[in-house]
Amino acid sequence: MLWTLFLLCFGLCAFIRFAPSDPAKWHVDPLTAADPGEGGVLLLPGQGAPVGRLSDLDDIAQQTPRTTQLAGALQEGMITYITRSKGFGFPDYTTVRAIPKGDGTSDLIILARLRFGRRDLGVNAARVEGWIKALKALDQAR
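So, a few notes on the structure that sits alongside this text. Here the residue numbering is sequential within each chain, running from 1 through the sequence in written order. Reporting of local features is limited, given that this is a predicted model, to residues whose pLDDT is at least 70; pairs of side-chain atoms are given and counted only at 80 or more, and all residues count toward the totals for whole chains, interfaces and linings. For side-chain calculations, the full set of non-hydrogen atoms in the structure is used, while hydrogens and water are omitted.

A short note on the pairing of strand 5 (residues 91–100)
Alright, step 1. Only protein chains enter the area calculation, which uses a 1.4 Å probe; residues under 20% of their type maximum are buried, those over 50% are exposed, and those in between are partly exposed. Helix and strand definitions here come from DSSP, where helices need a minimum of 4 consecutive H or I residues and strands a minimum of 2 consecutive E residues; each element is numbered from the N-terminal end. For strand 5, the buried fraction is high: seven of the 10 residues fall into the buried class.
Alright, step 2. Direction of pairing for strand 4 (residues 78–84) relative to strand 5: antiparallel, over a ladder of seven bridges. Looking across to strand 5, one finds that Ile79 is bridged to Val96.
Alright, step 3. The loop that links strand 4 with its antiparallel partner strand 5 comprises six residues; one of these, Gly89, has a positive phi angle of about 80 degrees.
Alright, step 4. With nine bridges joining them, strand 5 and strand 6 (residues 106–114) adopt antiparallel strand pairing. Pairing of Thr95 across the sheet is with Leu111, part of strand 6.
Alright, step 5. For two strands to pair, DSSP has to find at least two bridges joining them. The antiparallel hairpin formed by strand 5 and strand 6 contains five residues in its connecting segment, where Gly102 sits at a positive phi of about 100 degrees.

What follows is the structure, given as structure tokens:
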């Protein structure tokens, strides 16, 4: 019985860590995506969305531990990242879309959501806040 429980737990952990991420499901326009729920974050223009350059935010995201690019490109104006938790490797998906303002900057619309569960204890919000803080620091350094 104990071995069965161990194998079930191991199998669940392996599934969480290695389940494929379908870009068609996760690389979606934040303006038309479903509500991310309690464990997610949606920042729209006038409602917390930062202003900056997508390339700067991409650099910040790529430097975030356990974060990789799933889909999109700078030229597309929209990029989706996967960030995995340190222990079990739970995947969170963050899509950033740039809407050019005409002055070389953009409104950066951010949609962060989790794949498994309903709540993430504020992990998505903390990561997005960290990205915005780093973006503001970069802009002030210029």
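Re the pattern of salt bridges
Alright, step 1. Note on definitions: salt bridges are taken to be side-chain nitrogens of Lys or Arg within 4 Å of carboxyl oxygens of Asp or Glu. Tallying each qualifying case throughout the model produces four salt bridges.
Alright, step 2. With a shortest N-O distance of 2.8 Å, Glu38 and Arg119 are connected by a salt bridge. Separated by 81 residues along the polypeptide, Glu38 in the loop between helix 2 (23–26) and strand 1 (41–43) and Arg119 in the loop between strand 6 and helix 4 (123–141) bring together distant segments of the chain.
Alright, step 3. Its relative accessible area of 62% is what places Glu38 among the exposed residues.
Alright, step 4. For Arg119, a relative accessible area of 62% corresponds to the exposed category.
Alright, step 5. Measuring nitrogen to oxygen at the nearest pair gives 3.8 Å for the salt bridge that ties Asp92 to Arg127. Linking Asp92 in strand 5 with Arg127 in helix 4, this pair joins segments that are 35 residues apart in sequence. For the pair Asp92 and Arg127, a shared accessibility class is recorded, and that class is buried.

Quick notes on helix 4
Alright, step 1. Any helix carries an expected span of 1.5 Å times its number of residues minus one. With 19 residues, helix 4 extends 27 Å between its outermost C-alpha atoms, agreeing within 8% with the 27 Å of an ideal straight helix rising 1.5 Å per residue.
Alright, step 2. Those residues of helix 4 lying buried are Asn124, Arg127, Val128, Trp131, Ile132 and Leu135. On an axial view of helix 4, the arc spanned by its buried residues comes to 135 degrees, and they lie on one face. Summarising the geometry of helix 4, the exposed residues directed more than 90 degrees from the buried face are Glu129, Lys133, Lys136, Gln140 and Ala141.
Alright, step 3. Should any heavy atoms of two residues lie within 4.5 Å, those residues are counted as being in contact. The inward-facing, buried residues of helix 4 contact strand 1, strand 2 (51–52), helix 3 (54–62), strand 4, strand 5 and strand 6. The arc in question is traced by the directions running from the helix axis to the C-beta atoms.

So, the pairing of strand 4
Alright, step 1. Buried residues dominate strand 4, accounting for seven of its seven residues.
Alright, step 2. In terms of strand pairing, strand 3 (residues 67–73) meets strand 4 through six bridges, oriented antiparallel. Pairing of Ala73 across the sheet is with Met78, part of strand 4.
Alright, step 3. Counted between consecutive antiparallel strands, the loop separating strand 3 from strand 4 contains four residues, among which Gly77 sits at a positive phi close to 85 degrees.

With respect to the layout of surface pockets
Alright, step 1. Reported here for the largest pocket is a volume of approximately 230 Å³.
Alright, step 2. As for the largest pocket, its lining consists of Ser85, Phe90, Pro91, Asp92, Leu114, Phe116, Gly117, Arg119, Asp120, Leu121 and Val123.
Alright, step 3. Its residues placed into classes, the lining of the largest pocket shows six nonpolar, two polar and three charged.
Alright, step 4. In this structure, the second largest pocket spans a volume of roughly 160 Å³.
Alright, step 5. Considering the residues around the second largest pocket, the lining is formed by Thr64, Pro65, Arg66, Thr83, Arg84, Ser85, Lys86, Phe90, Asp92, Val123 and Arg127. Note on definitions: the grid is 1 Å and covers protein atoms alone; a cavity is a set of points where a 1.4 Å probe fits but cannot get out; a pocket is an open set with protein on both sides within 12 Å along at least five of seven lines; lining residues have an atom within 4 Å of a point. Grid points are joined across faces, edges and corners, and a volume is the space filled by probe spheres set on the points. In the scheme used here, Gly and all other residues not listed as nonpolar or charged are polar, with Ala, Val, Leu, Ile, Met, Phe, Trp, Tyr, Cys and Pro taken as nonpolar and Asp, Glu, Lys and Arg as charged.

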